[in-house]
Amino acid sequence: MTMVMKAISVAIDTNDSNNLPDVYSYMGYMFCGVTCLFGPWVSFKDYLSLRYSSSQTRWWIICSIGFAFLSFVFLSISNCWTQWIFVDNSWKWLIAYRDALSFRTSHYFVSYIASALLVLGGFPLSSSTIVKPLYIEFPRSLVQVVVFWNIPMHHWLKTYIFRPSIKNLGKFGAVIITYLISSLLHGLNFQLAAVLLSLGFYTYVEFQLRATLADTFDACVTSKQCTKKKCMHKYNSHNCMVFMTNLMFSFGAIFHLAYLGLMFDTSDLQETGYSYNHTINKWAELGFASHWVALATYCIYLLTK
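Keep in mind the model is a prediction, meaning the values are calculated, not measured. (Residues numbered from 1 in each chain as written. Predicted model: local features only at pLDDT ≥ 70, side-chain atom pairs only at ≥ 80, totals over all residues. Heavy atoms only, no water.)

Enquirer: Is there a simple way to explain the packing of helix 10 (residues 190-217) against helix 12 (residues 276-285) in this structure?
Expert: In a pair of packed helices, the angle between the axes and the distance between the axes together describe the arrangement. It is at 8 Å that the axes of helix 10 and helix 12 come closest, and there the two elements cross at 45°. Classified by the interaxial angle, the pair formed by helix 10 and helix 12 is oblique. Of the residues in helix 12, those in contact with F190, Q191, A194, V195 and S198 of helix 10 are Y276, H278, T279, I280 and W283. Grouping the amino acids of the contact of helix 10 with helix 12 by side-chain chemistry returns six nonpolar, four polar and no charged. (Axes fitted to C-alpha atoms, helices over the stretch in contact; angles between N-to-C directions. Helix = DSSP H or I, 4+ residues; strand = E, 2+ residues; numbered from the N terminus. Parallel < 35°, antiparallel > 145°, perpendicular 65-115°, else oblique. Contact = heavy atoms within 4.5 Å. Nonpolar A, V, L, I, M, F, W, Y, C, P; charged D, E, K, R; others polar.)

Enquirer: Sorry, what's going on with the domain arrangement of the chain here?
Expert: Many authors give the size of an interface as the accessible area that is lost as the parts come together. Splitting the chain by domain gives domain 1 (1-54), domain 2 (57-131) and domain 3 (149-304). Computed from C-alpha coordinates alone, the two centres of domain 2 and domain 3 are separated by 22 Å. In this complex, domain 2 contributes 15 residues to the contact, which on the side of domain 3 involves 17 residues. Summed over both sides, the interface between domain 2 and domain 3 buries roughly 1,400 Å², with carbon and sulfur atoms accounting for 74% of that surface. Inspection of the region where domain 2 meets domain 3 yields zero salt bridges. The element contributing the most residues to the side of domain 2 that touches domain 3 is helix 6 (residues 92-120), with eleven residues. Residue classes in the side of domain 2 that touches domain 3 are distributed as eight nonpolar, four polar and three charged. (Domains from an automatic or database assignment. Buried area = accessible area lost by both parts, 1.4 Å probe. Salt bridge = Lys/Arg side-chain N within 4 Å of Asp/Glu carboxyl O.)

Enquirer: Help me understand a nonpolar patch on the surface, please; the structure alone is not making it clear to me.
Expert: A grouping of M3, V23, Y24, M27 and F31 is seen on the molecular surface, where their side chains present a nonpolar patch of about 560 Å² in accessible area. With three residues, helix 2 (residues 23-30) is the largest single contributor of residues to the nonpolar patch. By the element assignment, M27 lies in helix 2. (Patch = residues over 30% accessible without salt bridge, like charges linked within 9 Å, V, L, I, M, F, W, Y side chains within 5 Å. Areas by Shrake-Rupley, 256 points an atom, 1.4 Å probe, with all protein chains shown as cover.)

Pasting the structure below:
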């Protein structure tokens, strides 16, 4: 996946120029040992800048050890702590949250290992941040989750898929094609496509609804939080109703994450791949609740347009 993203980014960046990379730089970029194993995607420009970079400080080894330590903390949470805190006879929604949390923390483990390798490979700390767990576990919105789940991939999708698509397909079409390309890059199967396309619809509806509410009531309730110095809304985050509204959307995001992340449980199917029936049965056990909530949210958005 990372190599495909690298090849596409180089092809698009050099499409309108004759400044093609030489074969040695290109092959070094494609087979960079730091990013081939765990990722993430890095731009060709950032890769070339390592030749002349002196950005590493004397603390780089400590930072890499810190990233590695955090990765194993999340590994222990994924494999041990979640199963110990939430037992199998718990309420079905707690079990759904447990399985989703286990999946998310396994992602944090891989991401922090990748960050440690980036720092060891000479990349600056500013470009070594891949994931921000606090923004995912305590989200303001699903849009925030998507951004901070994999920051380099979000940047790649936004630059090379979303922005070029929005001119011809409109905002909703660009969102859907972006999530479809993401599912293709991850290895297209029904489960991944169902989760990613559901997430695409959820984020679009939430973003549009909250933007409409923010404009209507002049309140700071948009999916992306305003900075304190640049917030021009009449009612900011210190207002009680604004705070409660944002808190409601935060709990909604946690609810959706538990529902969608339930797909990636620790059953024996993870070794052979999750089937169509597995996905439908898992969601059926929860009454397709998240999809019904998303549909209701969409109806509210249509009424407020």
